[in-house]
Amino acid sequence: MDVEITVANADAVGRNYLTWTPVKATARLVVENQNNPAVPEPVTVSNGSGSGGRLEFALDRGKPRTATLDLVLPADGSPADFWVAGAVGSPSIADSDTSIEVVAAAGGQPVGTKAVMVRIRKDAEKLTAAERDRFTTAMAILNNQGTGLFRDFREMHRLQIALNQAHGAPGFLAWHRAYLLDLERELQKIDPSVALPYWRFDKPAPNVFTPGFMGGNGATGNTVIFSATNLLREWRTDSIPGVTRRPRFNPATESALVSSDAATLLLGGMRPNAMFDTGPAGGGFDEMEDNPHGHAHTSFNGVSFIRDTAKAPRDPLFFLLHCNVDRLWARWQWFNNRFDGTQAHTYFYQGTVTSNPHTAVGHNLLDTMWPWNNVTGGDRPLNAPRTPFPLVPTATAPGGAPTVKDMIDYQAHLQQSSYMNFAYDDVPFGVAP
Amino acid sequence: MNEGESERLAQQLRQDLEEAEAERSRYLSRLLEVAAGSRERRSELAPADVLDSPAMIVLADRSQPDGERIELMDRLGASLSRDPRYIEAMLRILTDRGDSPDVREAALRMLGSASFQVVRFRPHRVAYIDALRELITDPVPELRDTAVGVLAQENDEVVQQALLNGLQGDGPLPVGRARAIELLAEDDHLDNLPWLQELFRSDEASDRVAAVRYMGSYPAAQDDLESVLRDKRESATVRQQSAASLRFLAPDRFEAVAKEIAVDVDDDPAVRSACLHTLSRLADPATVYGDTEFVNRVAEVGRDDAAPEVAKVARELVEHQPDS
């Protein structure tokens, strides 16, 4: 008996990268001789051996998932459907380090396997050395000493009119979610096993601010120093090599000068009434744009790239900082069930800038976001360096010109078509119990 | 579904939020008490129209302990950028040379944070830059350092002129000489190469790292950079930075030198590793792997037990060979 396993959202060469979101899969008997039909075969689907990520299975998307699943495969070779997802708490650490295994009920022999990776955004402090190196290498290759695609990401966060699209208004979180995802997808073209790590700026990070990772500092000065085998040594932006940064805190023993995770998640109030925003009066979760976001940026000395709005993305640390900002939003969404953008608690400014003329363009629920929308001139910048938003076979969203709304249901909790194929290690699928 | 793990995460978060809520309530109660003390002195603090909240009263009260006012600033959160009166209060504190340096430093940090909210901060931006320029001559070195750094990152002409004047002996330097050169170097449109050559003469390795780093913006620095990269007496960190700078300015020149260093068993293992790593990952594969003699020598390095770290990177280079 031979069983073929397929999982939805495979990449161009058939590899699968899972998150906590259940993805449809099938198993079917490979019938070699149609004139000699087999009989229906009971099998068990489970996690293959290996020390990497762990998987869970269910017959229906909405049903509780379990470590094993019994199926009966039709004799005619037609597929039996099931759902598979990564098990929260057990992400992969390397490409294809885990597998779906199908075992025959009779005899207990494996009859089919499919290697997959549970690719999850993790706390940078806890990455393995190999995960860390894959990330820094992919970033350095994307930058290619200032001549690579990274230039576009730098340009998107430079001019005042570009910064207006993404800062000081409620679309801040949605725009940066798209920005990070766009970058992550480019990194995954270089190395598909890479997921953006996040910097927990409310905790000490002795493993992050090291020459082997985001760089350390010498006795004096502000130039960040990288180790011999950290390819970020070759980092270059705006025709100047390297990174300028010096923390005003001791990263080995102190957090940045920010409020705690819990204080941030409390900004919109306690569930079930937690608010994303309350309009001009303030008082919602979106206030996190100031503390911890702004405070994390200003936890570094004056000349540090990361302290300057227009220059912050010149420091690779920017993306770890913002990944944590996005994680905080994801965590708030999970805890408070805030995935439906049409609910005012999830996003205050419904409609578009036309229906809310006192708001800034790009910050209303149905506004498309620059640059991916390729809208230029007027209140938008004069050019759009990345358009359309990169579509990938491993995800179904967002589309080429994402709106604010499109970035909210990122785990496809409400709609399967919203699946963006990223998740955080401490933010499960769905809603907190 | 891994219900157990989700439940554990949710339970932990519920507990954390309850503690944070209780802590916030305790703080607000304390703030009211502190403000009551300040209110009795309010006539000395600031114009009456800005003293309409406990927070504003405490912020303006210089007799409060520094820690009290700094904690309040940290807790202001979005109120800072959404209420112009708080921005104005921060600007007043920042430019008040009679106020505590630590509180002024915190105010500067708050303003920097608020400046990230580009749309909301726009009305205050000119006043913010003016305040930073005022700090160029402030008696508190830490404030000068931060303000000069922020302005230098903005390529602000006023601070650049102050730094140039100071370096040329035509005025006081707001920061140390090495630091002034670094700050000017953030703008590579300026003719900084002579200053960077001066910085390279520093006894401090991190100054020399900075010097060769910024030299990477100046094509005329190629000879200096190659010389540093070849100098076995120089620290590995400085030579590695020199390699990166040279590679950008003259990739062919870098590759020629890097190939020599990579297989030189007498050279520093860290510099050899860095050269091999860059050749392996970023250099033109045709140049690297088309040189059969070099690849063969790297293969030998990969078998050299005397330098295991170099050997590891050497093996990676050989394994990276296209079609190998």
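Overview of the structure. (Residues numbered from 1 in each chain as written. Chains lettered and ligands numbered in written order. Predicted model: local features only at pLDDT ≥ 70, side-chain atom pairs only at ≥ 80, totals over all residues. Heavy atoms only, no water.)

## A short note on the sheet that holds strand E5 (residues 55-58) of chain A
Residue and element names in this part refer to chain A.
Thought 1: One open sheet accounts for four strands, arranged E1-E3-E7-E5; its pairing is antiparallel. Because the sheet does not close on itself, it has two edges, and the strands there are strand E1 (3-7) and E5. Across this sheet, the average inter-strand angle for adjacent strands is 30°, counted without regard to direction.
Thought 2: Bridging between strand E3 (residues 23-29) and strand E7 (residues 80-86) involves five bridges; their strand directions are antiparallel. Within E7, the residue paired with Ala27 across the bridge is Ala80. (Pairing = 2+ DSSP bridges. Helix = DSSP H or I, 4+ residues; strand = E, 2+ residues; numbered from the N terminus. Axes fitted to C-alpha atoms, helices over the stretch in contact; angles between N-to-C directions.)

## What to know about the sheet that holds strand E8 (residues 98-104) of chain A
All names here are of chain A.
Thought 1: What the five strands build is an open sheet, ordered E2-E9-E8-E4-E6; its pairing is mixed. Edge strands, defined here as strands with exactly one partner in the open sheet, are strand E2 (16-18) and strand E6 (68-73). The mean inter-strand angle of the sheet, taken between neighbouring strand axes irrespective of direction, is 35°.
Thought 2: Both strand E4 (residues 41-47) and E8 contribute to a ladder of five bridges, which runs antiparallel. Paired with Ser46 across the strands is Glu101, a residue of E8.

## Some points on the interface of chain B and chain A
Interface size is often expressed as the accessible area that is lost when the parts come together.
Thought 1: The interface is formed by 71 residues belonging to chain B together with 81 residues belonging to chain A.
Thought 2: Both faces combined, the contact of chain B with chain A buries some 6400 Å², and carbon together with sulfur accounts for 56% of it.
Thought 3: Where chain B touches chain A, the interface holds four salt bridges.
Thought 4: When the shortest N-O distance is used, the salt bridge between Glu105 of chain B and Arg248 of chain A registers 2.9 Å.
Thought 5: Seen at the junction of chain B and chain A, the total is 29 residue pairs in polar contact (both at pLDDT 80 or more). (Contact = heavy atoms within 4.5 Å. Buried area = accessible area lost by both parts, 1.4 Å probe. Salt bridge = Lys/Arg side-chain N within 4 Å of Asp/Glu carboxyl O. Polar contact = N/O pair within 3.5 Å; in protein donor to acceptor, adjacent residues only side chain to side chain.)

## Side note on the nonpolar core
Thought 1: Formed by 123 residues in total, the largest nonpolar core has its most connected members in Phe82, Ile100 and Trp199 of chain A.
Thought 2: Broken down by element, this core gets its largest block of residues, 13 residues, from helix H7 (residues 317-336) of chain A.
Thought 3: Beyond its immediate sequence surroundings of up to four residues, Trp199 of chain A is in contact with Ala205, Phe209, Phe249, Ala256, Phe300, Leu317, Leu320, Leu321 and Asn324 of chain A.
Thought 4: Counting residues in hydrophobic clusters, the runner-up holds 97 residues, among them Leu72, Leu91, Ile261 and Val271 of chain B. (Core = buried A, V, L, I, M, F, W, Y, C linked by side-chain atoms within 4.5 Å. Buried < 20%, exposed > 50% of the residue type's maximum accessible area, 1.4 Å probe, protein only.)

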